[in-house]
Amino acid sequence: MEKLFPRAFSLLLTLFLFPYLLHSQGDSSRQPPRPLIFTPHNRSDSDPQQVHITLVGSDHIRVSWITEAKHTQSIVEYGKAPGAYNSVSTGEHTSYKYFFYSSGKIHHVKIGPLEPSTTYYYRCGGSNPEFSFRTPPQQFPIEFAVVGDLGQTEWTASTLAHVESKDYDVLLLPGDLSYADTQQPLWDSFGRLVEPYASRRPWMVTQGNHEIETFPILYPHGFTAYNARWLMAHEESGSDSNLYYSFEVAGTHIIMLGSYAEFDKKSSQYKWLVADLAKIDRKKTPWVIVLLHAPWYSTNTAHQGEGDSMRKAMEELLYNARVDVVFAGHVHAYERFTRIYNNKETQCGPLYVTIGDGGNREGLALSFNSPPSPLSLFREASFGHGRLRILNQTHAHWSWHRNNDSNAVVADQVWLESLSSIKACWDLNDEL
């Protein structure tokens, strides 16, 4: 009873504050979502919960988890056979408070070096249960699952089941994870919901507007829960903020930008992006992918123009670097564009994809501009997920899988050629 009261009080308080703290989502027409799933804590306070893994450098992985008990150690034991842990790593821990909510002990432990394409078994804090993951390959082919605006509804569960039904190497999420929106117990519920998936494959995420969670005076900077729970490889990529970073895996350089961090030419993010792009070696990583939250191009009536300022500040950088694909979320629908630069079709610009249809609690954004733009090649307001399978240095296959009650239907697909292999695009750079 002593532990139940503060948890219940915290939930009631945040539910009371919830209507005042939500960011406006506009009045665009939305299909009714399925019910929220609240995943309870059913292990002991010393056992790990909300376990997830992320990539750190070329051969390390960070294991993150939470315990209610404060005495548990931040250690991970791991090995290549079940129950046979011949390696152990020690990490760090943190916690945070949000109004009357106090988080559990949040552990982050970096393990490695690890071998590519290898299954490892591990346990956290010296306590069961045992988990396992497989490291990504060192070379092509590699497959990314891409899903945005995930949330924790019955649609979310459907999306995750469809993602899991076919193997992949790394999951990419362009913002809006838990939809807690200041209700901190929902961060815990989300962590428990995704644990069966995020503990088995690396999840690389960036922030969305639902991660902000600011409150005047008390929490003016936001992202308190997101930064504490979902620690990404920002330091390893030279970034001073968890809101933007980059990493490399199997011949692919991936940049995670922050739509809700400063992005003008004087900002730290802009300067970091310039430096990060300059370091890319297209012979080593012929594919370059960018993820952000608010789309730079969209024909949906929801959130129109919200990404324009960032696009005007940074689009030229991505174009000159010959970025191959830009994934965004925020708009709760799917849309694929042609290759674009400055609102015009060009063979040397990025291909833009909006994939904010993971299962959020707000429903779908059903209204698109009419007539459609010739730049928009496919658009549909349905829940689903995407898969980017990079076969080699020059070719990749993108597919979007629409959810239905029983299976994921491939509704859109296209073959891509890496801009690193198109000589004309680099000749054009020489002329600039």
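Right, let's walk through the structure included here. In this text, all values refer to a predicted model and were calculated from it rather than measured experimentally.

Looking only at helices and strands, one finds 7 helices and 26 strands in the chain. Relative to a compact globule of 432 residues, whose C-alpha radius of gyration would be 22 Å, the chain shows 21 Å and is just as compact. The dimensions of the chain, computed from C-alpha atoms along their principal axes, are 65 × 50 × 50 Å. When contacts within the chain are restricted to residue pairs at least 6 apart in sequence, long-range pairs at least 24 apart make up 71% of them. Carbon and sulfur atoms form 53% of the exposed surface of the chain, whose accessible area is close to 17400 Å². Once the 37 positive and 46 negative side-chain charges of the chain are each reduced to a mean point, those two points are 2 Å apart.

The next point concerns the sheet that holds strand β2 (residues 49-56). Spatially, the 4 strands line up as an open sheet ordered β2-β3-β9-β6, and their pairing is antiparallel. Edge positions in the sheet fall to β2 and β6 (92-94), since each has one partner strand and no second. Within the sheet, the average angular offset between the axes of one strand and its neighbour, ignoring direction, is 20°.

What follows concerns the nonpolar core. In terms of nonpolar packing, the biggest core is built from 103 residues, with Val63, Tyr122, Phe144, Trp203, Trp230 and Trp398 touching the most fellow members. Core analysis: the second largest hydrophobic core is formed by 9 residues, Ala302, Ala365, Phe368 and Phe383 among them.

Bringing the side chain of serine 199 into the picture now. Counting through the fold element by element, serine 199 comes out in the loop between α3 (184-198) and β14 (203-205). Reaching out from serine 199, the side chain makes a polar contact with the backbone oxygen of glutamate 195 at a distance of 2.6 Å. Each residue touching serine 199, except ones within four places of it in the same chain, is listed here: Val51, His52, Ile53, Tyr122, Phe131, Ser132 and Phe133.

In this section: helix α2 (residues 154-164). Every buried residue of α2 is accounted for by Trp155, Thr156, Ser158, Thr159, Leu160, His162 and Val163. The backbone nitrogen of tryptophan 155 has a side-chain oxygen 3.1 Å away, supplied by the residue at the start of α2, namely threonine 153.

Put simply, phenylalanine 140 and proline 141 share a cis peptide bond, and its omega is 5°. Residues serine 370 and proline 371 are joined by a peptide bond in cis, for which omega reads 0°. Note that proline 371 resides in the loop between β22 (364-365) and β23 (376-380). Phi is positive for histidine 303, which is not a glycine, with a value near 60°. Look at asparagine 342: it is not a glycine, yet its phi comes out positive at around 55°. Assignment of secondary structure puts asparagine 342 in the loop between β19 (334-341) and β20 (344-345).

Running from N to C, α2 and α3 cross one another at 10°; their axes reach a closest spacing of 11 Å. Compared by their axis directions, α2 and α3 come out roughly parallel. When α2 is examined against α3, the residues Thr156, Leu160, Ala161 and Glu164 are found in contact with a partner set consisting of Leu193, Val194 and Tyr197. Of the residues contributing to the contact of α2 with α3, the split by class is 5 nonpolar, 1 polar and 1 charged.

The strand order across the open sheet formed by 6 strands is β14-β13-β12-β24-β25-β26, and the pairing between neighbours is mixed. Since the sheet does not close on itself, it has two edges, and those belong to β14 and β26 (408-417), each with one partner. With direction set aside, neighbouring strand axes in the sheet form an average angle of 20°. Packing of α2 onto the sheet brings it into contact with β12 (142-146), β13 (170-173), β14, β24 (384-390), β25 (395-403) and β26, and relative to β24 it is tilted by some 25°.

With that settled, consider the packing of aromatic side chains. On inspection of all chains with the given rule, the structure shows 22 aromatic pairs. Consider the rings of tyrosine 334 and tryptophan 400, whose centres lie 4.3 Å apart with planes at 0°: the pair is stacked. Of the two residues, tyrosine 334 is situated in strand β19 and tryptophan 400 in strand β25; the sequence distance between them amounts to 66 residues. Taken individually, tyrosine 334 and tryptophan 400 each receive the classification buried, so the pair is uniform in this respect. Put simply, the rings of Tyr78, Tyr120, Tyr122, Phe131 and Phe133 pair up and form one aromatic cluster.

Counting buried positions along β2 yields 8 of 8 residues, so the element is predominantly enclosed. Relative to strand β3 (residues 60-67), β2 runs antiparallel, the two sharing 6 bridges. Within β3, the position partnered with threonine 54 by the bridge is arginine 62. Remark: 3 residues form the turn of the hairpin made by β2 and β3, two consecutive strands paired antiparallel; glycine 57 in that turn has positive phi of roughly 75°.

Let's shift gears to the state of the cysteines. Here a disulfide denotes one covalent bond, and it connects the sulfur atoms of two cysteines. What the rule picks out here adds up to 1 disulfide. A sulfur-sulfur separation of 2.1 Å characterises the disulfide bridge that pairs cysteine 348 with cysteine 425. Residues cysteine 348 and cysteine 425 are joined by a disulfide whose S-S torsion is about -90°; by sign, that bridge is left-handed. In this pair, cysteine 348 is assigned in the loop between β20 and β21 (351-355) and cysteine 425 in helix α7 (residues 423-431), connecting sequence segments 77 residues apart. Classification of cysteine 348 by relative accessible area gives buried; the value is 3%. Classification of cysteine 425 by relative accessible area gives buried; the value is 0%.

Each value, and the rule that gives it
Residues numbered from 1 in each chain as written. Predicted model: local features only at pLDDT ≥ 70, side-chain atom pairs only at ≥ 80, totals over all residues. Heavy atoms only, no water. Helix = DSSP H or I, 4+ residues; strand = E, 2+ residues; numbered from the N terminus. Rg over C-alpha atoms; globule rule 2.2 N^0.38 Å. Contact = heavy atoms within 4.5 Å. Areas by Shrake-Rupley, 256 points an atom, 1.4 Å probe, with all protein chains shown as cover. Lys, Arg positive; Asp, Glu negative; His and termini not counted. Charge placed at Lys NZ, Arg CZ, Asp CG, Glu CD. Pairing = 2+ DSSP bridges. Axes fitted to C-alpha atoms, helices over the stretch in contact; angles between N-to-C directions. Core = buried A, V, L, I, M, F, W, Y, C linked by side-chain atoms within 4.5 Å. Buried < 20%, exposed > 50% of the residue type's maximum accessible area, 1.4 Å probe, protein only. Polar contact = N/O pair within 3.5 Å; in protein donor to acceptor, adjacent residues only side chain to side chain. Parallel < 35°, antiparallel > 145°, perpendicular 65-115°, else oblique. Nonpolar A, V, L, I, M, F, W, Y, C, P; charged D, E, K, R; others polar. Phe/Tyr/Trp six-rings, centres within 6.5 Å; stacked < 30°, edge-to-face > 60°. Disulfide = S-S within 2.5 Å.

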